[in-house]
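Here is what each chain is made of, one letter per residue.
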Amino acid sequence: RRACCHYSLAMFLLCLTVTVHLVIAASNDPCGRNNSTDIHIIGFFPCTNANDTRAIPVDNCDGIERIPIMKLALEEINERCDLLPGYRLVVDYANSACSSIPAMYHLIQQTDPSQPTKLMILGTACSGASHLMGEVAQRMLNIPQVAYTASDSIFGEDKKSYPRFYRMVAITEQIADGYVALVKELNWKRVALVSYDDDFNINIKEYTEQKLLENDVNIVIANSFTDDPNLVLDQIKEFNARIIIAWIPHNVAVQFWCSVIKYRLAGPDFVWFLPGWFRANWWAAVDGTDCTAEEMKRNLEHTLGGLGNSIFDIGQTLQSNKSLPQFKQELDAKNALERVKTDIFLNVGYVYDAVWTIVLALNSSIPILEERGLGRLEDFTYDSVEMADVFTDEIAKLSFEGVSGKISFNVTGNRKQLSVDLRQYRAGIAVPVLIYNPLDYSMNKFQNHSGETLVWQGGYVPRDAPVPVVLTGSLAEYIIVGMVASIGILSTMFFLFFNHCCSKHPVVKRSSYRLNSLILVGVFVGFVGLLLHVIPLDSDMPETFTTAVCNARVWTSELAFVVAFGALFAKIWRLYKVFFNKKMVQRKYLDDRHLFAMVTAITVPILLIVIIQAAVFPLTLHTIATINEV
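From a predicted model like this one, the values you see are computed outputs, not experimental measurements.

Conventions and cut-offs
Residues numbered from 1 in each chain as written. Predicted model: local features only at pLDDT ≥ 70, side-chain atom pairs only at ≥ 80, totals over all residues. Heavy atoms only, no water. Helix = DSSP H or I, 4+ residues; strand = E, 2+ residues; numbered from the N terminus. Contact = heavy atoms within 4.5 Å. Patch = residues over 30% accessible without salt bridge, like charges linked within 9 Å, V, L, I, M, F, W, Y side chains within 5 Å. Areas by Shrake-Rupley, 256 points an atom, 1.4 Å probe, with all protein chains shown as cover. Salt bridge = Lys/Arg side-chain N within 4 Å of Asp/Glu carboxyl O. Expected span 1.5 Å × (residues − 1). Bend = angle between axes of the 7 residues up to and from the residue. Buried < 20%, exposed > 50% of the residue type's maximum accessible area, 1.4 Å probe, protein only.

Draft legend 1. View of the environment of tyrosine 166. Mapped onto the secondary structure, tyrosine 166 falls in strand S5 (residues 165-167). Residues tyrosine 166 and serine 408, 242 residues apart in the sequence, show an inter-C-alpha distance of 10.0 Å. Here tyrosine 166 is in contact with Gln145, Val146, Ala147, Thr392, Ile395, Ala396, Phe409 and Gly413, once residues within four sequence places are set aside.

Written out as structure tokens, the structure is:
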């Protein structure tokens, strides 16, 4: 009996131990992922060294800051029992280097028969890395691709080459539309276009040019460069362009902006539109240039950039059942964004949503594959066209709330209703200030917690063309000159009245009062001309008004001098003839008619010249750029 009791106690303790272990195991792995089947996708992330075809290095890699975001999404997904039941998602990531050759190299390595089969591709970040790799993967290997920041429009336009391509980011043409909308909103009529000399940037430059012309914007110059931007910058300076849209790749941005600074084409008088996909603090990599990081940062102030909206609504609930503030707090708690503190949400939304897009599409494909007898997810091979079609169709059907907004796709694989952030650099940081909605082609304030809006140095919107500073006196000087001219006009009118009323007086009569009146008329016209010169002119005034004032200034100056001094010199000439001509046998009296004839002979030619000049070469107000321009 005692042995039986010991046996029962041992069995009880054994059962209790097994139960505890099962409970602990269940709590640590509630979805049974440890016993699940691994399914693999490729994750392409760019590193700065385009020649590096190895695994992604920990240091000096542009793509590193995206990997923690991908891992966070992966953790959330693998913890959900309702997603991919019986499977565990694994991302095998590699360096695309933002270049076609490394991306193609890693595609070949990752799809080698010795490697696990890849069901989808996450990435790439750069359009150039996807051109060849994407076509091979989608057409030859039947692997759908979900890119997070590849914005070249060719992926949506050429569906024959890229039949399984989807992306999170706005296409570059949408960003260009945002730039054109802002140009139109601020009533700029003169814009210069600059691009790097490659197919991608030239195509978007030509698209921007077309859109600007459709909106009646004058293209001052539209040119491209390869290694040396100096020729293009010379043209910008020559044509006094102030609003410049530049389409340049990340790898030439630092050298290009340093050249802009050296040409003195940056600052409060200029507005530059730069691509918005440059990484945070790109301007600080000044090695090999003639500029300092402080110069680059200071001259970048208030420069604009555009990017698809990567963080949408602070109040929305994500697929992970978290709110956006909770999502941000979790990222901070994990120190997932340590490398990109200055612009933490540049690519966060796109990477996070791309992972969820892949998972939701695979998850919804499971019952369809079983229903059609196509097998399970792990049965996918690179020859499984029908399975690839199911994956592609399920991506196209998706509609869910992501970090970057509503996730849904049109027939081209582009996001529906994706807005564009317009950002403005403040102390070296690209701050979202406006949001462009392509549906209604309007500009609105960026609706987020920061409440930012456009800010300009000097407190005014920069002009699209130089306007010369009017080098005139102060208000007190205007008042003094106006008062002197007014007193002169009133005085001449008084003396004209006095001369007429007292013309019979012997003294006045002997002084040739008619010529005196003519002199006073000339003085009167001169004082009127002085008042006309006091009137400040500006190019914003009506052209008819400025033209009339310009011509009146010339006429009054010419007539005042000729009439006043002509009559005065005529009187002097008569005195000379009367008193100093010794050859005159009889002093001949010269009356006022002779003198008026002399004044007329002088005045008429001058008057004809002024009339011909006004008819053939009328004076108009022109804006000329000088050193003292604003």
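Draft legend 2. How the structure looks around a nonpolar patch on the surface. There is a patch of nonpolar side chains on the surface, built from Phe561, Phe565, Leu568, Phe569 and Ile572 and spanning about 490 Å² of accessible area. Relative to the elements of secondary structure, phenylalanine 561 occurs in helix H17 (residues 543-579).

Draft legend 3. Local environment of helix H12 (residues 348-372). Counted at 1.5 Å a residue, the expected span for H12 with its 25 residues is 36 Å, and the 36 Å between its end C-alpha atoms agrees. Of all the bends found along H12, the most pronounced is centred on isoleucine 366 and spans about 30°, while proline 367, a proline, follows it within four residues. The buried fraction of H12 amounts to 20 of the 25 residues, a majority that puts the element mostly inside the structure. One or two steps after H12, the chain reaches glycine 373, where phi turns positive at roughly 70°.

Draft legend 4. How the structure looks around unusual backbone geometry. At the junction of glycine 123 and threonine 124, the peptide bond is cis and its omega measures out at 10° in the coordinates. Looking at the secondary structure, you find threonine 124 in the loop between strand S3 (118-122) and helix H4 (127-140). Of note in this structure, asparagine 142 is not a glycine but carries a positive phi near 60°. Note that asparagine 142 resides in the loop between H4 and strand S4 (145-147). Of note in the backbone geometry, asparagine 240 takes a positive phi value of approximately 55° without being a glycine. Tracing the backbone through its elements, the reader meets asparagine 240 in the loop between helix H8 (230-238) and strand S8 (243-247).

Function-wise, these values are silent; they only describe arrangement.
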